[in-house]
Structures are given as C-alpha cells and as structure tokens.
Amino acid sequence: MLDIKGSIPALVTPFRDGKVDWEALERLVEWHIAEGSDGLVAVGTTGESPTVARDEHKDIIRRVVGQVRGRIPVIAGTGSNATAQSLDMLLAAEAAGADAALIVTPYYNKPNQAGLLAHYRVLHDSSNLPIILYNIPGRSVIDILPDTMAELARWPRIIGVKDATGSMERVSRQRALCGKSFIQLSAEDAAALGFNAHGGRGCISVTANVAPRLCAEFQKASLAEDLERARDCQDRLLPLHSAVFLEPPAACVKYALSRLGHCLEDTRLPLTPVTGETRQAIDRAMEIAGLLR
C-alpha cells in the first residue's frame, strides 16, 4: 500500500501579476523536500483551487509531479461538487503520475449519504488512482458518517481520509470500523497530537507551508510516541497554528512565505491581503517557532 504519513503541506499556489508563478512553485517544492516534508498536496483548497482555472489546475499537478520526481508522494487535489468535473481532474492527475488524489465531499449541493456513495463510486470505478477522502463538514455542510466511511473503506482504492470533523472520538471510531490500515490524516494542525494518539498517521497541514522542518519533526516524534519531543514542537508551533487561521489560510500563509522570501503574498479574489494586525500576529508566531530573528 502507498505509504502516506507524517507532515504533508497543503501547498499554496504562488501568483505573480495574476498568473501562476512557476519559478516560485518550483522553489517551494524543492524547499519542502529539503526540509523533510513527507508528501505534498497540489491544488487543494489552500492552493486556492476554487480560483485556479481548469487548465492551470491540471498544469500545476503535472509540474509538481514532474518536479518531485518520485522523491515524496504527491497527492493531487481533484475535488468538486460536480462529479463529472471531479472525474475530469482525477483522470488528469492519474495521467500526470500523481500518487493519490484528495477528493473533498461535494460542497453546497449537500448530497445525502447515498449521494456521497454514488459520487465516490463513479470516481473510484473510473480511475486506478488511490483516493483520500476529504471530510470537512464545516465548509461542505455534509459529513461522511462513520458507517458510510466504513463502506467506502471497503473499496480497494479508497485508502484513507483527511478528517476535519474536529472529533477525536471519530478517529477511534473510524479505526474500529475501517481497520487499522485505513489512513487517517488530520486536517487540523493544532489537534494533530491528539489525532495521532487516537490512531492517526499524520496531517495534511497548512502550517507546514511555513514551518516544514518543525512540522516534520513534530510528526516524526508524535508517530514514534516520543511525547516529550512532540509536545516541545507543539509548544513552538501552536501560536503559528493559530495565526495562520486568523484570516483565510492561503492569504496568511502567503504573507508568511513572503517574509521568508519564498514567494509573493499575491492571492486571487475574493481573497485579499491580510490586515496589519494579522501580519503582526504571524510575525510574532514565526519568531516563537524560530523562523524569524
């Protein structure tokens, strides 16, 4: 089975003058690999997938896969609330050589559990790419309930879930229903320590965009059950976990990366640059994490 675990940055999509900044994207990929990230998600929601055009979306996945060259897993964000659109992206990701796909629950149109199963059945049966479900009820307003998750986990190419339910109990329940080999990844940076204790395998992380080495160290310690070391990393990271969610995470992360010289803070509307107060909070958090002097 594909070994997906540890610290997996939900990679931002850098822009310059309204276009994808390909040079900055290449630098970010190399930086994350050098800093010890265990994988990358290309064009997830932190990568501003709602405002990336279809051809851009496919090209970003292709270029990230080509840049990584198999050194770490690349998980392609291919979700949509339209099954046909998600399938189009999934097939493009498979053709590009991605290692897996991250597919969010259909948002806004609120399918019931039968609709979720039908959506994922089409995607599962139409591609050979391993699929990680993305369950985020707070944004999609639909929850993959544990019994539905158990059914999905029986399908051979549904290998895991990125869980943003915020429930630690859910991790243990899904472990019991879906089996120990079902990969559970936290979507909440601040909760990743408890998530792993319940049986999680890592985090698809916003903060790891900014502090990849420290997030990788945290995950390594946590998964090795070195709690003293993991808590020390958590203490240093917690202010940053909070700061990058004061406003939309993509905007916060891009500001932080601009402070490190890795890319511009440009976003696409409706996202706008973060406020002065948020900038100060991010700067302070980066200092605590040892990223700024």
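Details of the structure are given in the entry above.
Remember, predicted model here, so these are calculated numbers, not experimental data.

K.L.:
I tried to follow the sheet that holds strand β7 (residues 131-135) on my own but got confused; where do I start?
P.N.:
Within a beta sheet, neighbouring strands are joined by backbone hydrogen bonds and run either parallel or antiparallel to one another. Here we have eight strands laid out as an open sheet, ordered β1-β10-β9-β8-β7-β6-β5-β4, and parallel in their pairing. Two strands in the sheet have a free side with no partner beyond their single neighbour: β1 (6-9) and β4 (40-42). Ignoring which end each strand starts from, the neighbouring axes of this sheet average 30 degrees apart. The sheet contact formed by strand β8 (residues 158-163) and strand β9 (residues 183-186) spans four bridges and is parallel. Bridging across to β9, G160 finds its partner in I183. Packed onto the sheet, helix α4 (residues 113-125) meets β6 (100-104), β7 and β8 and runs at close to 165 degrees relative to β6.

K.L.:
Mind showing me how you'd approach the packing of aromatic side chains here?
P.N.:
Each aromatic ring pair is specified by the distance between its two centres and by the angle formed by the two planes. Counted under the stated rule, the structure contains zero aromatic pairs. Positioned above the aromatic ring of W22 is the side chain of R63, whose terminal nitrogen or guanidinium carbon lies 3.9 Å from the ring centre. In this structure, R121 is placed above the aromatic ring of W155, and the distance from its NZ or CZ to the ring centre is 3.9 Å.

K.L.:
I keep staring at helix α12 (residues 276-288) and nothing clicks. Help me out?
P.N.:
An α-helical segment advances 3.6 residues per turn. Residues three or four places apart therefore align on the same side. Helix length check: α12 (13 residues) gives 19 Å between terminal C-alpha atoms against 18 Å at 1.5 Å per residue, within 8%. Along α12, the residues classified as buried are T278, A281, I282, D283, A285 and M286. Those residues of α12 that are buried are in contact with α10 (227-243) and α11 (249-259).

K.L.:
Teacher, can you tell me more about the packing of α4 against helix α6 (residues 146-153) here?
P.N.:
Relative orientation and spacing of two packed helices are given, respectively, by the angle between their axes and the distance between those axes. The N-to-C vectors of α4 and α6 enclose an angle of 20 degrees; their axes lie 11 Å apart at closest approach. It follows from the interaxial angle that α4 and α6 lie roughly parallel. In the packing of α4 onto α6, the handedness of the crossing is right-handed. Mapping the contact onto sequence places Q113, L117 and Y120 in α4 and T148, E151 and L152 in α6. Of the residues that constitute the contact of α4 with α6, the class distribution is three nonpolar, two polar and one charged.

K.L.:
Whenever I open this one, unusual backbone geometry confuses me. Can you help?
P.N.:
Backbone phi values are negative for most residues with the exception of glycine, while trans is the configuration of most peptide bonds. Between L269 and P270 the backbone carries a cis peptide bond, its omega angle lying at 20 degrees. Relative to the elements of secondary structure, P270 occurs in the loop between α11 and α12. Notably, E48 is not glycine yet its phi reads approximately 60 degrees, a positive angle. Among the structural elements, E48 can be located in the loop between β4 and α2 (54-68). With a phi angle near 75 degrees, Y108 is a residue other than glycine that sits in the positive phi range.

K.L.:
Which parts of the structure should I look at to understand the nonpolar core?
P.N.:
The nonpolar side chains of a soluble globular protein tend to be buried, and buried together. The biggest cluster of nonpolar side chains holds 75 residues, and the ones touching the most others in it are V64, V68, Y120 and L133. Beyond its immediate chain neighbours, meaning those up to four positions away, Y120 contacts I103, V104, T105, L133, Y134, I144, L152 and W155. I75, V104, I136 and A164 belong to the second-largest nonpolar core, a separate cluster that totals 17 residues.

K.L.:
Is there a simple way to think about the pairing of strand β5 (residues 74-77) in this case?
P.N.:
For a regular strand, side-chain orientation follows a simple rule: the groups alternate between the two sheet faces. Here β5 shows a buried face lined by V74 and A76 and a second buried face lined by I75 and G77. Two elements, β4 and β5, share three bridges in a ladder whose sense is parallel. Across the sheet, the residue bridging to A42 is A76, located in β5. Handedness of the crossover is the feature at issue here: the chain leaves β4, passes through α2, returns alongside β5, and the resulting connection is right-handed. Pairing geometry for β5 and β6, over three bridges, is parallel. Across the sheet, the residue bridging to I75 is A100, located in β6.

K.L.:
Honestly, the environment of A76 in this entry has me stumped. Any pointers?
P.N.:
Relative to the helices and strands, A76 is located in strand β5. Through-space distance from the C-alpha of A76 to that of T46 is 12 Å; in sequence the pair is 30 residues apart. Beyond its immediate sequence surroundings of up to four residues, A76 is in contact with A42, I61, A93, A98, A100, A101 and L102.

K.L.:
Please clarify how the packing of α10 against α12 should be interpreted in this entry.
P.N.:
Look at α10 against α12: their axes get within 8 Å of each other, and the N-to-C directions meet at 160 degrees. Judged by the angle between their axes, α10 and α12 are roughly antiparallel. As α10 packs across α12, the resulting crossing turns out to be left-handed. Touching R236, P239, L240 and A243 of α10 are T278, A281, I282, A285, M286 and I288, all from α12.

Criteria and cut-off values
- Residues numbered from 1 in each chain as written.
- Predicted model: local features only at pLDDT ≥ 70, side-chain atom pairs only at ≥ 80, totals over all residues.
- Heavy atoms only, no water.
- Pairing = 2+ DSSP bridges.
- Helix = DSSP H or I, 4+ residues; strand = E, 2+ residues; numbered from the N terminus.
- Axes fitted to C-alpha atoms, helices over the stretch in contact; angles between N-to-C directions.
- Contact = heavy atoms within 4.5 Å.
- Phe/Tyr/Trp six-rings, centres within 6.5 Å; stacked < 30°, edge-to-face > 60°.
- Lys NZ or Arg CZ within 6 Å of the ring centre and 35° of its normal.
- Expected span 1.5 Å × (residues − 1).
- Buried < 20%, exposed > 50% of the residue type's maximum accessible area, 1.4 Å probe, protein only.
- Parallel < 35°, antiparallel > 145°, perpendicular 65-115°, else oblique.
- Left-handed = near helix turned anticlockwise from the far one by under 90°.
- Nonpolar A, V, L, I, M, F, W, Y, C, P; charged D, E, K, R; others polar.
- Core = buried A, V, L, I, M, F, W, Y, C linked by side-chain atoms within 4.5 Å.
- Right-handed = clockwise from strand over helix to strand, strands pointing away.

On their own, these measurements won't tell you what the molecule is for.
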